Amino acid sequence: LAVYERLKERIVHVHLSNYDGREHRRPEQGHLPLAELLQRLARDGYGGSVTLELGPDVLEAEDEGKVRAHLRRAVEFCRAQVAT
């Protein structure tokens with residue numbers, strides 16, 4: 001959040017993943033304050049894009065149903081933050 005505050009006027013794209021001791025966790029899965037970041041982006045009127053970086057392991061890619069469910073939850077999490 002401190003980095004965002006320093007650079008927010010220059011940010012045009014947010015590449016989002018969380019962290020729980022391994023790289024690229026779903027937004028709702030880690031220790032980073034992504035809810036707060038997304039809320040701040042919304043409050044500040046951020047108009048750029050936000051993309052999720054999620055590897056096959058976190059999506060359980062061997063099961064299409066799980067992939068769809070994980071993506072749905074990740075998108076719902078992000079949308080809920082910008083709607084508050």
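Please refer to the structure placed before this passage.
Report follows, based on the coordinates. (Residues numbered from 1 in each chain as written. Predicted model: local features only at pLDDT ≥ 70, side-chain atom pairs only at ≥ 80, totals over all residues. Heavy atoms only, no water.)

## Observations regarding the overall build of the protein chain
The helix and strand tally for the protein chain stands at four helices and two strands. What you see in the protein chain, going N to C, is helices and strands ordered as α-β-α-β-α-α. Structurally, the protein chain occupies a C-alpha span of about 40 × 25 × 20 Å along its principal axes. Considering only intrachain contacts with a sequence separation of at least 6, the fraction spanning at least 24 residues in the protein chain is 62%. For the protein chain, the exposed area adds up to about 5600 Å²; of that, 52% sits on carbon and sulfur atoms. (Helix = DSSP H or I, 4+ residues; strand = E, 2+ residues; numbered from the N terminus. Contact = heavy atoms within 4.5 Å. Areas by Shrake-Rupley, 256 points an atom, 1.4 Å probe, with all protein chains shown as cover.)

## Some remarks on the environment of A61
One can find A61 in the loop between α3 (56-59) and α4 (64-83). If sequence neighbours within four positions are ignored, A61 has contacts with P56 and V67.

## What to know about the nonpolar core
Core analysis: the largest hydrophobic core is formed by nine residues, namely Y4, V14, L16, L34, L37, L38, L41, F77 and C78. Counting only elements with at least two residues in this core, the list comes to β1 (13-16), α2 (34-43) and α4. Sorting elements by how many residues they give to this core places α2 first, with four residues. Not counting residues within four places of it along the chain, the set of residues in contact with F77 comprises P27, E28, L34, A35 and L38. (Core = buried A, V, L, I, M, F, W, Y, C linked by side-chain atoms within 4.5 Å. Buried < 20%, exposed > 50% of the residue type's maximum accessible area, 1.4 Å probe, protein only.)

## Looking at the pairing of strand β2 (residues 49-52)
Along any regular strand, the residues point their side chains to alternate faces of the sheet. Bridge analysis of β1 against β2 gives four bridges, and the strand direction is parallel. Following the sheet pairing, L16 is matched in β2 by L52. Between β1 and its parallel partner β2, the chain crosses via α2, and the hand of that crossover is right-handed. (Pairing = 2+ DSSP bridges. Right-handed = clockwise from strand over helix to strand, strands pointing away.)

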